[in-house]
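Topology and contacts: notes
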Amino acid sequence: RPWRGRSSQQQSQRAALRMKRLSRRVTARAASHIAANHGGGGVALWQRVPGSDRWRSLDGGPSPPRAGPSRRSGLREAQSALEAVLLPCDFPHSVGPGYLRYVQWTSIGLVTGKVESILATQAALFAVGVGAGAVPMAAAIQWVLKDGVGHAAAIGYATVVNTRFDADARRYRFQATAGHTAADLVACTMPLAPKTVALVGLEVPSFLLLGSLSSAISSVAGVAQAVARARIMASFARQGNLADCTRAGQSQAKLMSLVGTAAGIGLSWLVGPQPAHVIGLMLPLSLVSLYSVYRSCDHIVLTSLNLQRTERVYHATLDALAAH
């Protein structure tokens, strides 16, 4: 029939139908040829049913038994499900080239940081007297006050830094990890401090003083980490998928937090509440956390200019002009 007057969609559908019929004819002729050459004995031809795991016979023979799922296919399905949860859609085409290495190093830092947090919390609770019976009202008030001091410090820090987070996201991210480490180390020294400390002629509980310092550092570091993470996720997004990259980052953080919590609980049970043992375990964990975050920053590429990058550009321009 003539093709004139037909739309391109109708032509494509008709061509696909003709190719399907031609494929069936070729398959039938091949089946007849094989059956003729082999005498029809011991030869069976099957064709997979499109869209399912069933097969049908092409020569009228019995259908093959349905195979159950193999172990390899189950592992592939589990891997695909894990990638769908922890990675952005259309990975790796939707993110920058260093995203996977960044995630790997960041995951190590998150796990070790969570273990540090568990140990620091154990030391703070031991210092406030949780292990010695009922917590008195004064200790509960001190715990609330130290959190209030931390929130106030975070607000002041965010106001002072302001827009510099965008230009120096990598630096503030590393400083945030260092801040969390310092806060945990301060919390671990609480059981070693005396009950009260003389400050401006007043007897101030050492838990309130050290707890407020630890809470302030931790709150400031939390603000820096959250803001820097948003800028870093924006640098990895390649297809306008900032929300998807942020969703994947949150899933990664929650999973590593669960792993770190389990490891921290086990280690805290092993080392006990002794401050010397806790600090001895905190030091190598802090080094691993700082190193992993430092390595993850190597895979972050920022296209904005900060003070240091601008100076290098100007110096290179001035050197080029001086050479001419």
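As a convention, each chain's residues are numbered from 1 in the sequence order in which they are written. Confidence filtering applies because this is a predicted model: local features only for residues at pLDDT of at least 70, side-chain atom pairs given and counted only at 80 or more, and all residues used for totals across whole chains, interfaces and linings. To get the side-chain values, take all heavy atoms of the structure and skip hydrogens and water.

Details of the overall build of the protein chain
What counts here: Labels follow the DSSP assignment, with helices taken as runs of H or I lasting at least four residues and strands as runs of E lasting at least two, numbered in each case from the N terminus. Burial classes: relative accessible area under 20% of the type maximum marks a residue as buried, over 50% as exposed, and values in between as partly exposed (1.4 Å probe, protein chains only). When checking whether two residues touch, look at their non-hydrogen atoms; a contact exists if any pair is within 4.5 Å. For every accessible area listed, the method is Shrake-Rupley and the probe measures 1.4 Å; residues are considered covered only by the protein chains on display.
The secondary structure content of the protein chain amounts to ten helices and four strands. Going residue by residue from the N terminus, the α and β elements of the protein chain occur as α-β-β-α-α-α-α-α-β-β-α-α-α-α. Out of the 324 residues belonging to the protein chain, those deemed buried represent 29%. Expressed as a percentage of contacts within the protein chain between residues at least 6 apart in sequence, the contacts between residues at least 24 apart total 73%. Accessible surface computed for the protein chain: about 20400 Å², of which carbon and sulfur atoms make up 63%.

Quick notes on the pairing of strand 4 (residues 202-205)
Heads up, the condition is: Only strands joined by at least two bridges in the DSSP assignment are considered to pair.
As defined by bridge partners, strand 3 (residues 196-199) adjoins strand 4 across four bridges and the pair is classed as antiparallel. Looking across to strand 4, one finds that T196 is bridged to P205. In this structure, the hairpin formed by strand 3 and strand 4 is closed by a connection of two residues, where V200 is found at a positive phi of approximately 55 degrees.

As for the packing of helix 6 (residues 169-188) against helix 7 (residues 206-236)
Selection criterion: Every axis corresponds to a line fitted to the C-alpha atoms, with the helix fit spanning only the stretch in contact, and the corresponding angles, defined between N-to-C directions, vary from 0 to 180 degrees. When an angle is under 35 degrees it counts as roughly parallel; over 145 it counts as roughly antiparallel; between 65 and 115 it counts as roughly perpendicular; any other value is oblique. Note on convention: the crossing is left-handed when the near helix lies turned anticlockwise from the far helix by less than a right angle, right-handed when the turn is clockwise. Put simply, Ala, Val, Leu, Ile, Met, Phe, Trp, Tyr, Cys and Pro go in the nonpolar bin, Asp, Glu, Lys and Arg in the charged bin, and everything else, Gly too, in the polar bin.
Helix 7 packs onto helix 6 with a crossing angle of 155 degrees between their chain directions and a minimal axis gap of 8 Å. In terms of orientation, helix 6 lies roughly antiparallel with respect to helix 7. For the crossing formed where helix 6 meets helix 7, the hand is left-handed. Packed against helix 6, whose contacting residues are A169, Y172, R173, A176, G179, H180, A182, A183, V186 and A187, the element helix 7 presents L210, L213, S214, I217, S218, A221, G222, A224, Q225, A228, R231 and I232 at the interface. The residue inventory of the contact of helix 6 with helix 7, partitioned by class, reads 14 nonpolar, six polar and two charged.

Concerning the environment of A187
Within the element layout of this structure, A187 appears in helix 6. Exposure remark for A187: the relative accessible area of 5% places this residue in the buried category. Between the C-alpha atoms of A187 and L210, which are 23 residues apart in sequence, the distance is 7.0 Å. When sequence neighbours within four positions are dropped, the list of residues in contact with A187 reads A120, A123, A124 and S214.

A few points about a nonpolar patch on the surface
The condition is simple: Patch membership requires more than 30% relative accessible area and the absence of a salt bridge. Residues of like charge join within 9 Å; the nonpolar side chains Val, Leu, Ile, Met, Phe, Trp and Tyr join within 5 Å. We count a salt bridge whenever a side-chain nitrogen from Lys or Arg sits within 4 Å of a carboxyl oxygen from Asp or Glu.
On the surface, L82, L255, L258 and V259 cluster together to form a nonpolar patch covering roughly 360 Å² of accessible area. For the nonpolar patch, the leading source of residues is helix 8 (residues 242-271), giving three residues. Among the structural elements, L255 can be located in helix 8. Assessed through its relative accessible area of 32%, L255 is described here as partly exposed.

A short note on the pattern of salt bridges
The full count for this structure, using the stated rule, is two salt bridges. D298 serves as the salt-bridge partner of R295, at 3.9 Å between the closest nitrogen and oxygen. A residue is classified by how much of its surface remains accessible, and R295, at 25% relative accessible area, is partly exposed. The exposure class assigned to D298 is partly exposed, which follows from its relative accessible area of 45%.

Digging into the packing of aromatic side chains
The description of an aromatic ring pair uses the distance of the two centres, along with the angle that the planes make with each other. Put simply, the rule reads: The criterion for an aromatic pair is that two Phe, Tyr or Trp rings (for Trp, the six-membered ring) have centres within 6.5 Å, with stacked assigned to planes under 30 degrees apart, edge-to-face to planes over 60 apart and tilted to the rest.
Going through the model one piece at a time under the given rule, you end up with seven aromatic pairs. For the pair Y102 and F236, a centre-to-centre distance of 5.0 Å together with 40 degrees between the ring planes defines the contact as tilted. Placement of the pair is Y102 in helix 3 (residues 99-128) and F236 in helix 7, with a sequence separation of 134 residues. This pair shows no difference in class: Y102 is buried, exactly as F236 is. Ring centres of Y157 and F165 lie 6.0 Å apart, and the angle between their planes is 70 degrees; this geometry places the pair in the edge-to-face category. Note on F165: relative accessible area 5%, which makes it buried.

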